Amino acid sequence: MTQLSADPPALLLPEFQRDFAWDLESSYTLFDSIVQGLYIGSLKYGKPDFEMALRRVDVRPRRGEGSRAKVERLLYDEKRMKAASQISGLRIILDGQQRLTSIYRALKGHDKVYFTVRSDVTAEGMRQLSLEQLLHPELGIQGEDLRNQVCVPLDYAYLYTQGVPFDDEVQEYFRRETAYGRALVKEGDVDAERAAFKIFRQVLPKLKTLYEEPRLMSYYLLDMGLDKFVIFFERYNKLGLKLNFTDVLAAKLYGHFNLRQAFEDLLDRHPGIPIKRELLVRAVAVFTERLPRVERTHILRELTANDFKKHWPDVARLYIRTLDYLHEQRYMVSPRWLPSETMMLPLMMFFFELDKRRNSSMTQQQQMFVRWWYWSTTFAEHYSAASNEKILTDTRLMQRVARGEQIDHSYFLRMRPNLSDPEQLFTYGSASSVIYKGVLNLVHFAAEGLRDWTSDNLLSVSTLGSLELQDHHVFPQAFLRRTMAKQDRPEEVEAVRDSVVNRVLMPKGTNLRASDKAPYRYLNDLLQVNPQLRHSMSSHLVAPELLDNEQMSSQVYLTLYRRAEQILKLIRRETLEAEPVVRSLYAPERPAAGD
């Protein structure tokens, strides 16, 4: 409490920590746990040695005037941070903000919290009772000063611990400041007032002892550099709070560039489009052409506010331009289904380099290269574990392509997919997989647009980012579980059930009315709604014959294997078969000496 109130402050929050969010009920529960002697967790403090924006704990009113006021941010550069840490013992709260703020607000009176004494207790009989035994079984810790019950304000009990007042001072407080005391004075019941005061007076030293009890909460001081600081927040965030190094970077830059606000402004201008914060930060690092690596450590230590002031407008513009291009060319059905966000970086640099040239339009050769590169990086899983070297190599390569220059012949050898058998596609069942998303986008690309099975409308004609899509099963899961023994390859049902070959993209909320029905049944139901369903199904490479041949509903393996064959054919067409033509344009074979 002393550290939180100190001036200069000795305990602060990182700027990127979420705002105080606990309601009063949570505070009551916290103090009830404290009274019962339950362990309420640990507080983790940090002792950083790097620049960061900090703030005090939130003491704004919960409602009314001042409740929406901005919490003051305090900028500590590296020099000031080290000095404050060494001289005034500055620490920052890494974990436990909600608990610590709740306690601080209650003990300082920003939130009124009361210890309600049980009705049947007497001054004489309470001396040997613990606080837990004295607490009212129904009312307990609560937020109202009652007119018919002894209620001890926790903030007054905290003042009591700071300097024990005389009994007549406590009595005057009870008579004037508590609802029960005022009611008894008004009634003129001197005996009842005296008895209630004695109870009130005896609770105070018990609360004092409680406040001074060290075993209810543990404390950890972590003396850490920037790298470990980031790792801590990535691994130990609580209550669904997602923090990564961009949040730490935002706090570091806050005094000179408001990165968080830049993200929000970009989202306001392009609602619905996912803002990939880490990608945008890495793009700034690439644009500086100063950092030897675009990894987290180098970005946090080397990127400055001036870098963001200089490059952010271009990065934000090119981010949207690249997404627009991928959407218009149908390389992706929507931003959320982009196979790999890392592939955006080389493409953004490609467009940046293209803009420098007098004619910024893409040539036919460049379009061919980008098409081959996009699908090859996807199905070779080039960015599934993207390294610093891959990002920088591909960025430089795309800059050369934008300038119309040739590239190293060996690059093509690294970009060949390892898919040679349709059955390999059955192994991709995770929607986070690059191949999984790549397949769905490639089908979309080849069909010149996927179509909605309920209307035959194109899925991608809407504004970029405005349509949210979900992957649906062609053969419903419940149907396959029910009919596994009757399928053509029962032992293979589980392997193919959740694979990408058994998936199609549909708008979120679309009701295919599939449930546990056979494809033949639910598709014929849909045919009543969408007479063009055969056309819609063909855009997804789903056999329209499922509408006509009821037996195909029991041929899940054969039906999906045939679909996998078509998908693999498309993959080969866009990668291995396209490579020789693209290579001849950008890395032609050199004639042997003497030829």
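Above this text is the structure in question.
First things first, this report covers the structure right here in the doc. For clarity, every value in this text was computed on a predicted model and none was experimentally measured. (Residues numbered from 1 in each chain as written. Predicted model: local features only at pLDDT ≥ 70, side-chain atom pairs only at ≥ 80, totals over all residues. Heavy atoms only, no water.)

Regarding the side chain of Arg503
Step number 1: In this structure, Arg503 sits in strand β11 (residues 503-507).
Step number 2: A relative accessible area of 11% places Arg503 in the buried class.
Step number 3: At 3.3 Å, the side chain of Arg503 and the side chain of Asp471 are in polar contact.
Step number 4: Within the structure, the side chain of Arg503 is placed 3.4 Å from the side chain of His473, a separation counted as a polar contact.
Step number 5: If sequence neighbours within four positions are ignored, Arg503 has contacts with Tyr436, Leu440, Asp471, His472, His473, Val474, Asp498 and Arg563. (Helix = DSSP H or I, 4+ residues; strand = E, 2+ residues; numbered from the N terminus. Buried < 20%, exposed > 50% of the residue type's maximum accessible area, 1.4 Å probe, protein only. Polar contact = N/O pair within 3.5 Å; in protein donor to acceptor, adjacent residues only side chain to side chain. Contact = heavy atoms within 4.5 Å.)

Examining the packing of aromatic side chains
Step number 1: One pass over the structure, following the stated rule, counts 26 aromatic pairs.
Step number 2: Relative to Phe352, the ring of Phe287 has its centre 4.8 Å away and its plane inclined at 50 degrees; by these criteria the two rings are tilted. Linking Phe287 in helix α13 (residues 277-288) with Phe352 in helix α16 (residues 344-356), this pair joins segments that are 65 residues apart in sequence.
Step number 3: Among the aromatic residues, those joined into a cluster by ring pairs are Tyr325, Tyr331, Phe350, Phe351, Tyr374, Trp375, Phe379 and Phe445.
Step number 4: In this structure, Arg80 is placed above the aromatic ring of Tyr76, and the distance from its NZ or CZ to the ring centre is 3.9 Å.
Step number 5: In this structure, Arg489 is placed above the aromatic ring of Tyr557, and the distance from its NZ or CZ to the ring centre is 4.1 Å. (Phe/Tyr/Trp six-rings, centres within 6.5 Å; stacked < 30°, edge-to-face > 60°. Lys NZ or Arg CZ within 6 Å of the ring centre and 35° of its normal.)

Focus: the nonpolar core
Step number 1: Of all hydrophobic cores here, the largest spans 133 residues; its most connected members are Leu259, Phe308, Trp312, Tyr319, Phe369, Trp373 and Trp453.
Step number 2: Here this core gets eleven residues from one element, more than from any other, and that element is helix α15 (residues 305-328). (Core = buried A, V, L, I, M, F, W, Y, C linked by side-chain atoms within 4.5 Å.)

Brief notes about helix α24 (residues 556-574)
Step number 1: In a regular helix each residue adds 1.5 Å, so 19 residues correspond to 27 Å; α24 covers 27 Å between its end C-alpha atoms and thus fits that length.
Step number 2: Among the residues of α24, those classed as buried are Val556, Tyr557, Thr559, Leu560, Arg563, Ala564, Ile567, Leu568, Leu570, Ile571 and Glu574.
Step number 3: Against the buried residues of α24 lie α17 (364-379), α19 (434-446), α20 (477-483), α21 (493-497) and β11. (Expected span 1.5 Å × (residues − 1).)

Some words on the environment of Glu295
Step number 1: Position of Glu295 relative to the elements: it lies in the loop between α13 and α14 (296-302).
Step number 2: Classification of Glu295 by relative accessible area gives partly exposed; the value is 30%.
Step number 3: As a C-alpha pair, Glu295 and Trp373 span 78 residues in sequence and 23 Å in three-dimensional space.
Step number 4: Ignoring any residue separated from it by four or fewer positions in sequence, one finds Glu295 in contact with Arg282 and Asn388.

A word on the packing of α16 against α17
Step number 1: Interhelical geometry of α16 versus α17 gives an angle of 170 degrees and a closest axis separation of 12 Å. Between α16 and α17, the crossing angle belongs to the class labelled roughly antiparallel. Here Pro346, Leu347, Phe350 and Leu354 of α16 lie close against α17, whose contacting residues are Gln366, Val370 and Trp373.
Step number 2: Here the contact of α16 with α17 is composed, by residue class, of six nonpolar, one polar and no charged. (Axes fitted to C-alpha atoms, helices over the stretch in contact; angles between N-to-C directions. Parallel < 35°, antiparallel > 145°, perpendicular 65-115°, else oblique. Nonpolar A, V, L, I, M, F, W, Y, C, P; charged D, E, K, R; others polar.)

A look at helix α22 (residues 519-529)
Step number 1: Considered for burial, the residues of α22 that qualify are Pro519, Tyr520, Tyr522, Leu523, Leu526 and Leu527.
Step number 2: Summarising the contacts, the buried residues of α22 are in contact with β10 (469-473), α20 and α23 (533-539).

Comments concerning the packing of α13 against α15
Step number 1: One way to put it is that α13 packs onto α15 with a least axis distance of 9 Å and a crossing angle of 120 degrees. The angle between α13 and α15 falls in the class oblique. Crossing handedness for the pair α13 and α15: right-handed. Contacts from Leu279, Leu280, Val281, Ala283, Val284, Phe287 and Thr288 in α13 reach Asp307, Phe308, His311, Trp312, Asp314, Val315, Leu318 and Tyr319 in α15.
Step number 2: Here the contact of α13 with α15 is composed, by residue class, of eleven nonpolar, two polar and two charged. (Left-handed = near helix turned anticlockwise from the far one by under 90°.)

Let's talk about the sheet that holds strand β6 (residues 114-116)
Step number 1: Across the sheet, three strands lie side by side as β7-β6-β8; this open sheet has antiparallel pairing. Pairing within the sheet leaves two strands with one partner each, and these edge strands are β7 (141-142) and β8 (151-153).
Step number 2: Summarising the sheet, β6 and β7 pair through two bridges and their orientation is antiparallel. Among the inter-strand pairings, Tyr114 is bridged to a residue of β7, identified as Gln142. (Pairing = 2+ DSSP bridges.)

Focus on the pairing of strand β1 (residues 11-14)
Step number 1: Bridge analysis of β1 against strand β5 (residues 91-95) gives two bridges, and the strand direction is parallel. By the bridge assignment, Leu12 is partnered in β5 with Ile92.
Step number 2: Inspection of the sheet shows β1 paired to strand β3 (residues 52-55) by two bridges, in the antiparallel sense. Bridge assignment links Pro14 to a residue of β3, and that residue is Leu54.

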